[in-house]
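Structure assessment
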Amino acid sequence: MEQDMDSEQGQLNVNSCPGEEEERHLQANNRDFNLQFEYAAWMKGTELLGENREVGTYSRSNSIKTSKYNFFTFLPLNLFEQFQRIANAYFLFLLILQLIPQISSLAWFTTVVPLVLVLAVSGVKDAIDDFNRHKSDNHVNNRPVQVLINGMLKDEKWMNIQVGDIIKLENNNFVTADLLLLSSSEPHSLVYIETAELDGETNLKVKQALTVTAELGEDLQKLTDFNGEVKCEAPNNKLDKFTGTLALRGEKYALDNEKMLLRGCTIRNTEWCFGLVIYAGPDTKLMQNSGKTTFKRTSIDRLMNVLVLMIFAFLALMCLILAIGNGIWESDKGYNFQVYLPWAESVTSAPLSAFLMFCVEIIRLGNSFYIDWDRKMYYPLNDTPAQARTTTLNEELGQIKYIFSDKTGTLTQNIMCFNKCSINGKSYGDVYDKSGQRIEINESTEKVDFSYNQLADPKFAFYDHSLVEAVKLNDIPTHKFFRLLSLCHTVMPEEKKEGNLVYQAQSPDEGALVTAARNFGFVFRARTPETITVVEMGETKIYKLLAILDFNNVRKRMSVIVRSPEGDLTLYCKGADTILYELLHPSCESLKEETTEHLNEFAGEGLRTLVVAYKNLDEEYFQDWIKRHHEASTALEGREDKLSEIYEEIEKDLMLLGATAIEDKLQDGVPQTIETLAKASIKIWVLTGDKQETAMNIGYSCNLLYDDMADVFVIEGSTSDEVLNELRNARKKMKPDSFLDSDEINIQIEKSSKNPKVLPDEQANGVYGLVINGHSLAYALEGNLELELVRTACMCKVVICCRVTPLQKAQVVELVKKYKKAVTLAIGDGANDVSMIKSDDFSFAQFRYLQRLLLVHGRWSYIRMCKFLKYFFYKNFAFTLVHFWYGFFSGFSAQTVYDQWFITLYNLVYTSLPVLGMSLFDQDVDDRWSLLFPQLYVPGQQNLYFNKTVFIKCMLQGIYSSLILFFIPYGAMYNTMRSDGKAIADYQSFALMAQTCLLIVVSVQIGLDTAYWTVVNQFFIWGSLSVYFAITFTMYSDGMYLILTASFPFVGTARNTLSQPNVWLAIFLSIALCVLPVVGFRFLKTLLRPTASDKVLLKIKEAKKRPPPPSPKRRLRRTSTRRSGYAFSHQHGFGALIMSGRNMRPKSPFATTGTFSPNSDKHKHKGL
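Position numbers for residues start from 1 in each chain and track the written sequence from start to end. For a predicted model such as this one, the threshold for reporting local features is a pLDDT of at least 70, and the threshold for listing and counting side-chain atom pairs is 80 or more; totals across whole chains, interfaces and linings nevertheless cover every residue. Water and hydrogen atoms play no part in the side-chain values, which are based on all heavy atoms of the structure.

When its secondary structure is counted, the protein shows 39 helices and 34 strands. Contact between two residues is taken to exist if any of their heavy atoms lie within 4.5 Å; hydrogens are not considered. Partitioning the contacts of the protein with sequence separation of at least 6, the portion at a separation of at least 24 is 75%. Accessible area for the protein stands at about 52200 Å²; split by element, carbon and sulfur atoms hold 56% of it. In this description a helix means any DSSP run of H or I spanning at least four residues, a strand means any run of E spanning at least two, and both kinds are numbered starting from the N terminus. Where accessible areas are quoted, they stem from the Shrake-Rupley method and a 1.4 Å probe; at the residue level, only the protein chains shown are allowed to cover.

Here it is in structure tokens:
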């Protein structure tokens, strides 16, 4: 097939290898033509038949794959990943050595069993995680979609869709692949889509097909005959850009992003549409922005790799010393006793390493269950518990330094609420009691009853009854206020059933304002390109729409000019207070001052504010203005500037009506959570696809940004040089010394030929915030600017990146991980966050649960893991080094100092449960104090509880204890006689005494390390000691010796040795010498050089003596004078689209006449 297509491929100049694709060329309804290029083909080499639609006979070009393994690759890939842990590789190496009898005194199965156990536990866990990813992939790949096949629509699975296919989508369908819109049910082939999964925005966007394809409609024969050829750019991750051409019947038509429906979008408010598949599967822009599933390691795992190498070097050094000593001893004395003492090497201890990794996995699994079982992280409204979907990252939750959060759906609820307003100098929205005191609004507060309004939205809630009374009393300013809200907007109404109104708004803010007007009696009912129908207090009125003065980022306002049924000409305007205040008539000065006070109050509560005004127009002036407006709107050059001038001319001497205050509803507890996390020295970066103004509004409302900050830098340069200058100016203000040649980082950068791997933290001279938009971020992420970005941004307490793509989110996260030695956490709620999150490790329903996940579960997991590792290394250094000292007294042979059974059971039975009990139940303070004192979290960020220094201290303590545990029993046994005159200075008695001393010492040590005692801890410690003595007396009994003589040679040793007082005296002396220095050091360190954590713990101890009263639940309020510049985010030019009528449906039968009015019997319709 490839040979047949060679000449054609040469003419197309398109490389058939997807990895080298430079340009995409496809033909509609021609699979034979398109399959030659193997676009997104997963099953190469499969027979590809042009019209054969049987599943499995062609490439699954629209499949997605987020899993890591399949049935055949699981074992090799998983083992490869697990052996990247040097500990696993280390005792695999020791296993190989143990297979050689000449150099090991332990059987090979003592290492194989623990190794297989560790690999099996980790493998099963990884298999379950990947199985869930397979289920998710299969769910998406098997979604149904209608495909045009031989002139008929047939149901097909998503995974079987190919490039060049024509598919049909219906309302509320997910978009299957990246499609070129061909036609739709809407006028002029418009399609309304929701892009929340791509950019986080919930407002609707409009796409429009080419006129030449719009003619196809839903005529299946025309669609089947459609054979247009598309040439376009190769697959890429740019969500806001598409360039291509459509060749049809000898003509070429330009294609851009406005004609594309991207995978991840949802069809809204559109009955049906047809699209041509351009990119499928992994080539879609959504998947191009998604990162690959990665194998995540914790910082402790990485440290363990280093420590295992250190332990290996230490053991090698011990072996070298013993080997040299053995050589000297053998040549001096042992040579004459080779018949009795064959040459051998020292003992290895691989099972210790295996048991270490096994315990680590058990501890992580247990702490994961605590997250799953936490009822305080359960969200009852949608029955969602918290879930730990991985068991390998728990302790990392206690070391987070940077949080990267999405905004929409993560910090906010995606709900806009009309909260308050100011009308003619009076503020509405607050609720007062009988004494005139303002009360907090809660669930029990009485809502305004809108039942008198048959067209009211039942979901709308308002609590100030005085506003309804003003409306009912026909207060003129109040009526004008709500009339403006019902007319000045670009909302599209939908009414499929009489009285059941649904508003489709380009901006959720506009939807909230129009809904408020609707409930207070001014119902926006319908619109045509020339009219707006409003039901005012039950009376239907039709206003003639004469002009829409559209919004843009410079104007920060929008206006409409309408003619009322009475013939009055009025301009209604709404916009940012900073803009509209400059356009007001001088007579509004006093009202302006009163409104400003209200705006300050609204802004102080984090509400999004907007000023509304109007102007009555003179008929003669307007006719002259509309002519000049038409000339400006049709100008070929400078159209935007001319329109702006003509808009400003008429938007003067406005009469102020009042202001609105909208709440972009945050999730419950977001401000408090952010405040708590900030006290824990966690820096929060918000990465959102929303506009800059929207993102900053949320930043202020949730206390990320606040007025007490020294400055909030806004990076919005449009060139690389502008962005560089803005970043440097910001850094210069925060830390002027950072530009000196003597600066530590500057010296580090100069010395390094490449960028330094890790940048130390820099402290700013105050508290700063930084806001950067996606366009500027694209420049800042380039190689020559990324270092400047990370230095400037990381000095700020808060960073907000707005208008960013999913890929940019991932790049920002990787940038911080690259230059900062810090653990990061990414959190989001949609497909647009997948690339920065990489894999779904933990899930919970509300942002406020994050503080409990980190400050409670994360901190506990980190502390428990650190305590476990310190204790584990200590007890095994103490255990192993006794062998080393014994070598100097046993001819450096491989003889063990302990009984073989004790060696086998030491880690598996005698010391396993106490350390697991501590690692699963220990807590320095309970969850309440952990949240009240977030400063306790800081040591985890600084990795203070377990690092190389702590490891060396554990090793030195182990060396010291091993010296005590060997030489005290040795001295106590040397030439010692029993009370009956018999000698007990034999090897077996010494071994029993040494191992008893060791076990009691490590049991006392774990008691010192335990901060939180439970019945389980007590049972494990005392039970382990009891089991030791029970097993010891049993195995050293006469009966066991008679049954298995070779396996139990220590007959009678326990009863003969442990019955002697001097033996117990030596045991207690060993315990005292091992434990007292530790107790004394900890006491003096806490007294003389307390850490910040020690000081906080002391405060908690004092507070426990005097329990504080429970803090009242309060809503954080921000005292701020900052107000949102403009709340709206609809597309520029949408007003012109409305006026053209291209987005209009046929008129609603319920809105054509006044007979629709709910009170039509009482009120007469007023026409034009």
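Before going further, it helps to spend a moment on unusual backbone geometry. Positive phi, close to 50°, is recorded for Arg-249, a residue that is not glycine. By the element assignment, Arg-249 lies in the loop between strand E9 (244-248) and strand E10 (251-255). Remark: exposure states derive from per-residue accessible area (1.4 Å probe, protein chains only) relative to the maximum for the residue type, with buried under 20%, exposed over 50%, and partly exposed in between. Of the residues examined, Arg-249 reaches a relative accessible area of 66% and is grouped as exposed. Positioned with a positive phi, Asp-383 is a non-glycine residue whose angle comes to about 55°. With respect to the secondary-structure elements, Asp-383 resides in the loop between helix H11 (350-373) and strand E14 (387-388).

A pair of strands is treated as paired once DSSP finds two or more bridges between them. An order of E30-E31-E32-E29-E15-E33 is seen for the 6 strands of this open sheet, with the pairing classed as parallel. Among the strands making up the open sheet, the edge pair consists of strand E30 (711-715) and strand E33 (823-827). Going from strand to strand, the sheet's axes swing by 15° on average, the running direction of each strand aside. Strands strand E15 (400-405), strand E29 (683-687), strand E31 (768-773) and strand E32 (798-802) of the sheet are contacted by helix H24 (residues 786-795), whose axis makes an angle of about 120° with E29. In this description, a line fitted to the C-alpha atoms serves as the axis of each element, helices being fitted only across the stretch in contact, and the angle between N-to-C directions of two axes falls anywhere from 0 to 180 degrees.

Between helix H33 (residues 987-1009) and helix H37 (residues 1061-1088), the least distance of the axes is 9 Å, while the angle of their chain directions is 30°. The angle between H33 and H37 falls in the class roughly parallel. H33 and H37 meet at a crossing whose hand is right-handed. Every residue of H37 that contacts H33 at Met-993, Thr-996, Cys-997, Ile-1000, Val-1001, Val-1004, Gln-1005, Leu-1008 and Asp-1009 is listed here: Val-1063, Trp-1064, Ala-1066, Ile-1067, Ser-1070, Ile-1071, Cys-1074, Val-1075, Val-1078, Val-1079 and Arg-1082. Side-chain classes are defined by residue name, with Ala, Val, Leu, Ile, Met, Phe, Trp, Tyr, Cys and Pro counting as nonpolar, Asp, Glu, Lys and Arg as charged, and the others, Gly among them, as polar. Taken together, the residues of the contact of H33 with H37 sort by class into 15 nonpolar, 3 polar and 2 charged. Note on angle classes: values under 35 degrees are labelled roughly parallel, values over 145 roughly antiparallel, values of 65 to 115 roughly perpendicular, and the remainder oblique. Throughout, a crossing is termed right-handed when the near helix is turned clockwise from the far one, and left-handed when it is turned anticlockwise from it by less than a right angle.

Core analysis: the biggest nonpolar cluster contains 74 residues, and Phe-868, Leu-869, Phe-873, Tyr-898 and Leu-998 have the highest contact counts within it. A per-element tally of this core places helix H27 (residues 849-887) first, with 18 residues. For this analysis, a nonpolar core means a set of buried residues of the types Ala, Val, Leu, Ile, Met, Phe, Trp, Tyr and Cys, connected via side-chain atoms within 4.5 Å. Membership of the second largest hydrophobic core comes to 54 residues, among which are Ile-167, Leu-169, Ala-209 and Cys-273.

Aromatic pairing here means that ring centres of Phe, Tyr or Trp (its six-membered ring) are within 6.5 Å. Orientation follows from the plane angle: under 30 degrees is stacked, over 60 is edge-to-face, and everything else is tilted. On inspection of all chains with the given rule, the structure shows 47 aromatic pairs. Where Tyr-910 meets Tyr-1028, the ring centres are 5.2 Å apart and the plane angle is 90°; that geometry is what we call edge-to-face. Here Tyr-910, found in helix H28 (residues 900-910), pairs with Tyr-1028, found in helix H34 (residues 1015-1035); they are 118 residues apart in sequence, far enough to count as distant. Accessibility assignment for this pair places Tyr-910 and Tyr-1028 in one class, buried.

Turning our attention to the pattern of salt bridges. The term salt bridge refers to a pairing of a side-chain nitrogen on Lys or Arg with a carboxyl oxygen on Asp or Glu at a separation within 4 Å. According to the stated counting rule, one finds 37 salt bridges in the structure shown. The shortest N-O distance in the salt bridge between Glu-566 and Lys-541 comes to 3.9 Å. With Glu-566 in the loop between strand E25 (557-563) and strand E26 (569-575) and Lys-541 in strand E24 (residues 539-549), the pair connects residues that are 25 residues apart, well separated along the chain. Lys-541 gets classed as buried once you look at its relative accessible area, which sits at 11%.

Turning to the sheet that holds strand E27 (residues 608-616), a few remarks are in order. Read across the open sheet, the 9 strands follow the order E17-E16-E28-E27-E26-E25-E24-E23-E22; overall the sheet is antiparallel. Lying at the two open borders of the sheet, with one neighbouring strand each, are strand E17 (426-428) and strand E22 (522-527). This sheet shows a mean twist of 30° between the axes of neighbouring strands, independent of strand direction. Across 6 bridges, the pairing between strand E23 (residues 531-536) and E24 is antiparallel. Along E24, the bridge assignment pairs Thr-533 with Ile-542. Here helix H17 (residues 619-633) sits on the sheet in contact with E24, E25 and E26, set at roughly 50° to E24.

What UniProt calls "active site" (unreviewed entry) maps, in this numbering, to Asp-406. Mapping Asp-406 onto the fold places it in the loop between E15 and strand E16 (412-423). Taking relative accessible area as the criterion, Asp-406 reaches 1% and is therefore assigned buried. N or O atoms within 3.5 Å of each other form a polar contact, as long as, within protein, one can give a hydrogen and the other can take it, and as long as residues adjacent in sequence are counted only when both atoms are side-chain atoms. A polar side-chain atom of Asp-406 sits 3.4 Å from a polar atom in the side chain of Lys-809. UniProt positions are given in the numbering used here, feature names are shortened, and annotations may be inferred rather than shown by experiment.

A few words now on a nonpolar patch on the surface. Only residues whose relative accessible area exceeds 30% and that form no salt bridge are eligible for patches; like-charged ones are grouped when within 9 Å, while nonpolar side chains (Val, Leu, Ile, Met, Phe, Trp, Tyr) are grouped when within 5 Å. A cluster of nonpolar side chains, contributed by Leu-317, Leu-320, Ile-321, Ile-324, Ile-328, Phe-888, Phe-889, Leu-963 and Phe-967, occupies part of the molecular surface with about 810 Å² of accessible area. Mapped by element, the contributors of at least two residues to the nonpolar patch are helix H10 (299-332) and helix H32 (948-973). Examining the composition of the nonpolar patch, we find that 5 residues originate from one element, H10, more than from any other.

Below, the discussion takes up the pairing of strand E2 (residues 144-149). One face of the sheet, then the other: side chains in a regular strand alternate in exactly this way. Pairing of E2 with strand E3 (residues 152-157) involves 6 bridges; the strand directions are antiparallel. Paired with Val-145 across the two strands is Glu-156, which belongs to E3. Bridge count for E2 against strand E4 (residues 166-170) is 2 bridges, and the pairing is antiparallel. Within E4, the position partnered with Val-147 by the bridge is Ile-167.

Looking at where Gln-82 falls in the secondary structure, it is placed in helix H3 (residues 74-82). Of the residues examined, Gln-82 reaches a relative accessible area of 4% and is grouped as buried. Considered as a pair, Gln-82 and Gly-123 are 41 residues apart in the sequence and their alpha carbons are 8.4 Å apart. Residues in contact with Gln-82, not counting those within four places in the same chain, are Asn-88, Val-118, Leu-119, Ser-122 and Gly-123.

We now examine the environment of Ala-209. Positionally, Ala-209 belongs in the loop between strand E7 (204-208) and helix H7 (211-214). Judged by relative accessible area, which is 7%, Ala-209 ranks as buried. With sequence-adjacent residues up to four places away left out, Ala-209 is seen in contact with Leu-181, Leu-182, Ser-183 and Ser-189.

Another aspect to go through is a negative patch on the surface. Taken together, the side chains of Glu-589, Glu-593, Glu-594, Glu-597 and Glu-601 present a region of like negative charge at the surface. Here Glu-589 lies in helix H16 (residues 589-604). Assessed through its relative accessible area of 41%, Glu-589 is described here as partly exposed. Under the counting rule used here, the positive set is Lys and Arg, the negative set is Asp and Glu, and His together with the chain ends is not counted. A charged residue contributes its charge at one atom only: NZ of Lys, CZ of Arg, CG of Asp or CD of Glu.

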